[in-house]
Amino acid sequence: MKIKVGVIFGGESVEHEVSIISALQAISKIDESKYEIVPIYMTKDREWYTGNMLKDIDSYSDLELIKKYTDNVVLCYEKGKYVLKKKGGLFNKVVNDIDIIFPITHGTNVEDGALQGYFQTIGIPYVGPNVYAGVVGQDKVYMKRIFDGEKLPMAKYDWFYDAEYKNSPKEVLKKVSKLKYPLIVKPATTGSSVGIGTAKDEEELKECIEEAMNYDSKILVEEMVQNLKEVNISVLGNYENQKLSEIEEVMSSEKFLTYAEKYLGSAKSKGKSGVKVPVKASKGMASASRKIPADLTKEERKDVEEIAIKAFKALGSAGVCRIDFLVDSKAKKVYINEINSIPGSLSFYLWEPKGKSYSELLDDLINIGVKEYKKRTSKTYSFETNILAGYAANGTKGAKGKLAK
């Protein structure tokens, strides 16, 4: 009997369209001799739909067609199974059942532990990072503070809340002035380079901060690494075992790899929150310009690999991630930048040079998800003893008084 895999994607995120691209790439490569694929699409208004037409990227050009020809569903546990039930109506018909969920989601509200928390609450097995790894993998400030604790090399940085800047911009700018220009400004919890800008002076810094605040309440400001070479590596596994992919060198025409270069080719993305993506033409992160393997010295390669393993374990990640590095090619110094806990295109293109096909990578990920579930459910989270049972005879008021002691 085939394992039923619910591939979930989309969601309320500025990376909504990127998630669709990544998910449909994966769906086309999952081994259908072993797995039955159940696509689950989350709209930007958080409604869930399932149906075979969701495997076709052309379907996403008209959301009304999706609503008309697929089932609006909710995920729940019923009679010993995890099922997708039709939303609304008199009988809430079961549309499909699922053995394991495979989230291929990017960005706020879906990659940041929120979705994983829901899966853990109802108890369904799922692929990828758990709640904690999802949170720190999405929030660049949390992430860097953990990296600080592990003494991993990073570019100098500072951060602040949007409220601090709105209430006292001079104080924030004074605080940030301890960093050396040029600077890079980022919303703390977005991905795919959304909302990121660079500044060579204070006027540009203020413009970048205003743009970043459109996307997040927490803003990160970092010194830009000089003589910059951007390289990325993927890690596969969990806290017990890790495997490393080949290292890529990102070839960007900008000061950092932009959203447009990652997903639109030569096209331009709209500013602020009006990003539109011609998904039919895009191959996701697989289409970005890169050199594989990266042009690194033996020592630089060793540093990247060792730091990647330390970062992966420190964040408690699981599944496949991509860890991005900044290299000062003149000083031969490697700095860790950030982790992408569910990376665009699942970084399959970094595993192919190692002899691992995309189908094999997806199979590994599902197996890791099953193992993580078994380990999670082997732990004790509650006790059978009900301490409230002894208070029943005394009534609510008496129980309240005794518990207060």
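Residues numbered from 1 in each chain as written. Predicted model: local features only at pLDDT ≥ 70, side-chain atom pairs only at ≥ 80, totals over all residues. Heavy atoms only, no water.

Undergrad: Residues and numbers for the sheet that holds strand β7 (residues 100–103), please.
TA: Read from one edge of the open sheet, seven strands run β6-β5-β4-β3-β2-β1-β7, paired in mixed fashion. Since the sheet does not close on itself, it has two edges, and those belong to β6 (94–98) and β7, each with one partner. Neighbour to neighbour, the strand axes of the sheet diverge by 40° on average, direction disregarded. Direction of pairing for strand β5 (residues 81–86) relative to β6: antiparallel, over a ladder of four bridges. What sits directly across from Lys-85, in β6, is Val-94. (Pairing = 2+ DSSP bridges. Helix = DSSP H or I, 4+ residues; strand = E, 2+ residues; numbered from the N terminus. Axes fitted to C-alpha atoms, helices over the stretch in contact; angles between N-to-C directions.)

Undergrad: Pulling in residues and values, what's your account of helix α10 (residues 298–314)?
TA: A rise of 1.5 Å per residue sets the reference length of α10, with its 17 residues, at 24 Å; its end C-alpha atoms lie 24 Å apart and thus fit the reference within 8%. All buried positions along α10 are accounted for by Glu-300, Val-304, Ile-307, Ala-308, Ile-309, Ala-311 and Phe-312. Looking one or two residues beyond α10, the residue adopting positive phi is Gly-316, at roughly 65°. (Expected span 1.5 Å × (residues − 1). Buried < 20%, exposed > 50% of the residue type's maximum accessible area, 1.4 Å probe, protein only.)

Undergrad: Mind laying out the pairing of β5, listing which residues take part and the relevant values?
TA: With six bridges joining them, strand β4 (residues 71–78) and β5 adopt antiparallel strand pairing. Bridged to Tyr-77 within β5 is Tyr-82. Hairpin connection, β4 to β5: the antiparallel pair is bridged by two residues, and Lys-79 has positive phi, about 55°.

Undergrad: Could you give an account of the environment of Lys-166, naming the residues involved and the relevant values?
TA: In this fold, Lys-166 is placed in helix α6 (residues 162–167). Spatially, the C-alpha atoms of Lys-166 and Glu-210 are 9.7 Å apart, while their sequence positions differ by 44 residues.

Undergrad: Residues and numbers for the pattern of salt bridges, please.
TA: Applying the stated criterion across every chain yields a total of 22 salt bridges. For Lys-218, the salt bridge identified is with Asp-139, shortest N-O distance 3.0 Å. Remark: Asp-139 occurs in the loop between α4 (131–138) and α5 (140–149) and Lys-218 occurs in strand β11 (residues 218–223); sequence separation between them is 79 residues. In this pair, the class of Lys-218 matches that of Asp-139, namely buried. In this structure, the salt-bridge partner of Asp-324 is Arg-322, at a minimum N-O distance of 2.8 Å. No difference in accessibility class separates Asp-324 from Arg-322, as the two residues are buried. Residues joined by salt bridges that share partners form a network here, namely Lys-144, Lys-186, Glu-222 and Glu-338. (Salt bridge = Lys/Arg side-chain N within 4 Å of Asp/Glu carboxyl O.)

Undergrad: Can you tell me about unusual backbone geometry, naming the residues and giving the values?
TA: Note that the residue after Tyr-181, namely Pro-182, is joined by a cis bond; omega there is 0°. Along the chain, the position of Pro-182 falls in the loop between α7 (169–176) and β9 (183–187). Phi angles above zero are rare outside glycine, and Asn-109 is one such case at about 80°. Assignment of secondary structure puts Asn-109 in the loop between β7 and α3 (114–122). Classification of Asn-109 as partly exposed rests on a relative accessible area of 36%.

Undergrad: Give a description of the packing of α4 against α5 that names residues and reports values.
TA: In a pair of packed helices, the angle between the axes and the distance between the axes together describe the arrangement. At a minimum axis separation of 5 Å, α4 and α5 run at an interaxial angle of 100°. Taken together, the axis directions place α4 and α5 in an arrangement best described as roughly perpendicular. Every residue of α5 that contacts α4 at Val-135, Val-136, Gly-137 and Gln-138 is listed here: Lys-140, Tyr-142, Met-143 and Ile-146. For the contact of α4 with α5, the per-class residue count stands at five nonpolar, two polar and one charged. (Parallel < 35°, antiparallel > 145°, perpendicular 65-115°, else oblique. Contact = heavy atoms within 4.5 Å. Nonpolar A, V, L, I, M, F, W, Y, C, P; charged D, E, K, R; others polar.)

Undergrad: Describe the confidence of the model for the protein, naming the residues involved and giving the relevant values.
TA: Taken as a whole, the protein shows an average pLDDT of 89; of its residues, 86% reach a score of 70 or greater. Note on residues 262–281: pLDDT is under 50 here. Beyond four places in sequence and across chains, it has 41 contacts. (pLDDT = per-residue confidence, 0-100.)

Undergrad: Which residues make up the side chain of Glu-249, and what values do they have?
TA: Locating Glu-249 in the fold gives a position in strand β13 (residues 242–250). Lys-291 is the oppositely charged side chain nearest to the buried, salt-bridge-free Glu-249, at an N-O distance of 4.0 Å. A polar contact of 3.1 Å, which involves the side chain of Glu-249, links it to the backbone nitrogen of Asp-295. In this structure, Glu-249 is in contact with Lys-229, Glu-230, Val-231, Ser-289, Arg-290, Lys-291, Ala-294 and Asp-295, ignoring residues within four places of it in sequence. (Lys, Arg positive; Asp, Glu negative; His and termini not counted. Polar contact = N/O pair within 3.5 Å; in protein donor to acceptor, adjacent residues only side chain to side chain.)

Undergrad: Go over the nonpolar core with me, naming the residues and quoting the values.
TA: In this structure, Val-7, Phe-9, Tyr-60, Phe-102, Leu-346, Leu-361 and Leu-365 are the most contacted members of the largest nonpolar core, which totals 34 residues. Every element with two or more residues in this core is listed here: β1 (3–10), α1 (16–27), β2 (35–42), β7, α11 (348–351) and α12 (358–377). No other element matches α12, which puts six residues into this core. Discounting residues that sit within four places of it in the chain, Phe-102 has contacts with Val-5, Gly-6, Val-7, Ile-8, Val-127, Leu-346, Leu-362, Leu-365 and Ile-366. (Core = buried A, V, L, I, M, F, W, Y, C linked by side-chain atoms within 4.5 Å.)

Undergrad: Lay out the sheet that holds β13 in plain terms, naming residues and giving numbers.
TA: Taken in spatial order, the five strands of this open sheet run β14-β13-β12-β15-β16, and their pairing is antiparallel. For this open sheet the edge positions go to β14 (290–291) and β16 (333–340), each flanked by a neighbour on one side alone. Both strand β15 (residues 319–328) and β16 contribute to a ladder of seven bridges, which runs antiparallel. Paired with Arg-322 across the bridge in β16 is Asn-340. Strand contacts of α10: β12 (228–237), β13, β15 and β16, with the helix running at about 125° to β13, the strand carrying the most contacts.

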